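# Structure at a glance
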Amino acid sequence: VEDVLRLSPGVTFESGLTSSSTSIIVRGVTNDSRSPGPRTVGRFYGNVPLTNPSIQGAEADLDTFDMRTVEVLKGPQGTLFGGSALAGAFRYEPNQPETGKWSGAAGIGGGTMASSDDTSHQYQLMLNMPLGERFALRFAGSDRYLPGYIDDVRSGEEDFNDYKAKQGRVMAGWEATDELRFDAHYLKFEGRLDGYNFVEGNSPSRERLYKYFDDLEDSNLDLYGGKVAWDMGPASIVFEGNNLKMDRDQLNDVSIFLGAPVSGLSVFQNFLMSTNQDTYELRVVSNTPSSGPALFADWNYVAGLFYMESDQSSTNLTWINFPTFSQAQGGGGFVTAEEKAFYFDVTRHFGKWELNLGGRFFDQTTRGKGYASFVYRSTDPGGIPPIPYTLGNAVQASSESGFNPKAAIRWFANDHTTLVASYAKGYRFGGLNSVPNAPPEVPTSFESDDIDNFELGVRTTWLDGRLTADLTAFYIEWSRLQLLQRFGTFAVTFTDNVGAAEIKGAEFALNLAPTPNWLFSIGGSYQDAKTSESFNSVEWGFVESGTQLGQSPRFTGFTQLRYTKPFDTFELDSTVAYSYRSSAPNNLVNSIPLDSFGTLDLAASVQFSNMSFRPRLSLIGRNLTDERAALFGLRVSGVDVVSANMPRQLMLQLDVAF
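These figures come from a predicted structure and were not determined experimentally.

Cut-offs applied
- Residues numbered from 1 in each chain as written.
- Predicted model: local features only at pLDDT ≥ 70, side-chain atom pairs only at ≥ 80, totals over all residues.
- Heavy atoms only, no water.
- Salt bridge = Lys/Arg side-chain N within 4 Å of Asp/Glu carboxyl O.
- Helix = DSSP H or I, 4+ residues; strand = E, 2+ residues; numbered from the N terminus.
- Buried < 20%, exposed > 50% of the residue type's maximum accessible area, 1.4 Å probe, protein only.
- Core = buried A, V, L, I, M, F, W, Y, C linked by side-chain atoms within 4.5 Å.
- Contact = heavy atoms within 4.5 Å.
- pLDDT = per-residue confidence, 0-100.
- Pairing = 2+ DSSP bridges.

### Topic: the pattern of salt bridges
All told, the structure shown has 44 salt bridges when counted by the stated rule. The partner of Arg 206 in a salt bridge is Asp 626, and the shortest N-O contact between them spans 3.0 Å. In this pair, Arg 206 sits in the loop between strand E13 (199-200) and strand E14 (207-208) while Asp 626 sits in the loop between strand E34 (616-622) and strand E35 (630-636), placing the two residues 420 residues apart along the sequence. Pair check on accessibility: Arg 206 and Asp 626 agree, each one buried. One salt-bridge network, in which partners are shared between bridges, spans Glu 2, Asp 3, Arg 6, Asp 601 and Arg 622.

Quick look at the structure:
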């Protein structure tokens with residue numbers, strides 16, 4: 001994901017503390033990976049949402065091997081994707097089974113990582129199997145290993161944060177008739193991180209100073225689904241149904257936040273998070289423009305019904321080990337989020353003009369409850385009484401309904417220039433604060449937040465298509481921000497709706513192919529993301545209007561140079577790219593400033609297309625200058641920690657295909 005986002009101006013990657021707690025941020029509509037609420041940008045596998053509503057869950061780190069496309073969709077995508085795509089969407093679109101031909105691909109790679117004594121590897125395999133004239137199967141799988149690069153100073157353990165990920169995908173396609181097709185798929189993902197990717201302080205070093213327990217993370221995803229498509233001539237009817245299960249088990253060493261070096265306390269937490277989510281969608285898609293009276297003729301359209309029910313749970317057990325006794329407290333919540341929606345999207349040409357209209361009527365309900373328990377063990381309690389936590393059984397509920405419109409108009413001024421003006425509204429699910437016996441400062445629930453996104457752009461093409469240049473200006477109004485808050489000595493975490501924000505900015509992209517062998521690309525984004533209302537924060541106090549939003553750099557950009565050339569016996573393909581992100585605050589009070597940084601990447605391959613299996617040998621280098629930068633910063637109880645970008649990586653890869 002991080003590699004793709006480097007080449008997408010206006011989009012930043014927040015690493016969080018683990019591989020499944022990452023976040024994608026589009027145009028400064030920022031998300032806090034500490035937050036219990038949903039993210040601002042959703043991830044999707046085809047049309048299936050992989051991002052939790054209501055409770056923040058795991059974000060599967062899917063491999064892009066054998067994916068047809070990986071799409072970064074900027075701006076609200078609520079018409080088609082609902083409350084899972086407030087500010088944008090990141091979408092994996094897999095290759096489908098193909099009838100009529102056998103095909104396959106395999107890859108093996110290995111490499112090195114700076115600050116590590118171990119080596120990385122990856123294995124990939126794809127096989128497409130037509131079984132008869134109308135039925136086909138497709139299998140794709142990968143196994144990845146990244147060595148650790150952080151050393152534990154206290155124990156002397158080196159490279160403790162190694163990462164393993166396995167992924168398998170099976171798909172079946174049956175063309176029952178020329179008009180009727182059935183598809184089914186199963187996706188399995190397993191990830192294991194053997195140490196959290198953070199270090200103490202505000203400098204992105206590669207050493208942990210006070211590690212008392214082995215913190216780790218296991219994340220799993222299982223996705224089953226099926227689709228039926230019936231071509232009725234003028235339009236097709238499509239039905240999809242999917243079941244998604246996600247689990248995350250974390251052991252988290254938090255001793256440093258309670259002063260372990262001087263107090264003698266050692267503390268660890270066990271987080272268990274799970275999701276069981278069903279989604280169903282029925283849509284009608286036009287194959288040809290509509291017919292009828294003048295006003296209703298010549299429209300291309302898609303309209304559909306959507307239903308989702310997502311059962312989510314989050315449990316936390318905290319052990320505090322004093323020199324002579326220990327205590328443990330546990331708590332969590334169970335939430336069911338339900339969405340019912342009707343959506344439509346229609347487009348029509350009027351000479352040199354094109355009009356696009358769409359919208360989504362939605363009804364969203366969240367129900368759940370929280371609980372807390374207390375266990376006390378002691379050989380010498382020293383007069384410290386148990387903390388009076390009790391079990392909370394009250395069921396909380398929150399419901400909202402509304403309509404999210406969108407509209408766009410395009411003017412094809414000439415063969416070279418198109419002007420675009422658009423508006424879209426997006427929203428994000430509300431949720432519950434499952435905090436039993438909560439003090440008055442903690443609301444029982446929080447509402448959805450929404451954004452109004454306005455854009456004006458120009459798209460140009462010159463030199464017979466060898467030069468393209470695009471420029472987009474945008475203005476965003478963000479209302480009822482879902483903001484993480486912390487309360488009390490034990491940092492009770494909850495979400496509340498506060499204030500508002502405005503984001504102004506512009507993006508550009510230019511691609512030039514001066515010759516058939518060379519391609520030069522450059523793109524950049526400027527954004528000014530600030531609060532537009534003052535408000536009080538339980539954690540940070542009074543926040544003034546005009547405060548820069550966290551994780552919102554003013555400038556991002558990239559430049560890329562590609563050279564390709566066929567020779568008598570092989571084809572050369574080489575690319576060098578540089579991406580840049582300016583400095584940014586980590587949160588609204590900028591407790592840990594995130595410095596600017598740049599990343600230099602290189603890839604070069606030779607492919608022998610005339611040989612059997614068309615072997616391709618590639619050399620890949622990421623972060624060649626080994627730049628160190630903090631992508632995420634967190635302060636708890638006056639203690640700072642940061643999570644850094646990946647060190648320099650070099651990999652040699654061999655791919656074959658038939």
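### Digging into the nonpolar core
Among the nonpolar cores identified, the biggest contains 46 residues, and Ile 24, Tyr 45, Leu 62, Leu 221, Trp 478 and Leu 549 are the most heavily contacted of them. The element best represented in this core is strand E26 (residues 467-487), accounting for five residues. With sequence-adjacent residues up to four places away left out, Trp 478 is seen in contact with Gly 28, Val 29, Thr 30, Leu 86, Arg 428, Asp 449, Asp 450, Ile 451, Ala 500, Ala 501 and Leu 549. Core analysis: the next-biggest nonpolar cluster, separate from the first, contains 13 residues, Ile 256, Phe 632, Leu 634 and Val 636 among them.

### Topic: the confidence of the model for the protein
The predicted coordinates ought not to be read in detail in places where the model reports low pLDDT. Per-residue confidence for the protein gives a mean pLDDT of 89, with 92% of residues at or over 70. Under a pLDDT of 50 for its full length, residues 387-391 has, in the predicted model, 13 contacts with residues more than four places off or in other chains.

### Regarding the sheet that holds strand E6 (residues 88-94)
Strand order across the open sheet formed by four strands is E4-E3-E6-E5, with mixed pairing between neighbours. In this open sheet, the two strands that pair with only one neighbour each are strand E4 (48-49) and strand E5 (67-74).

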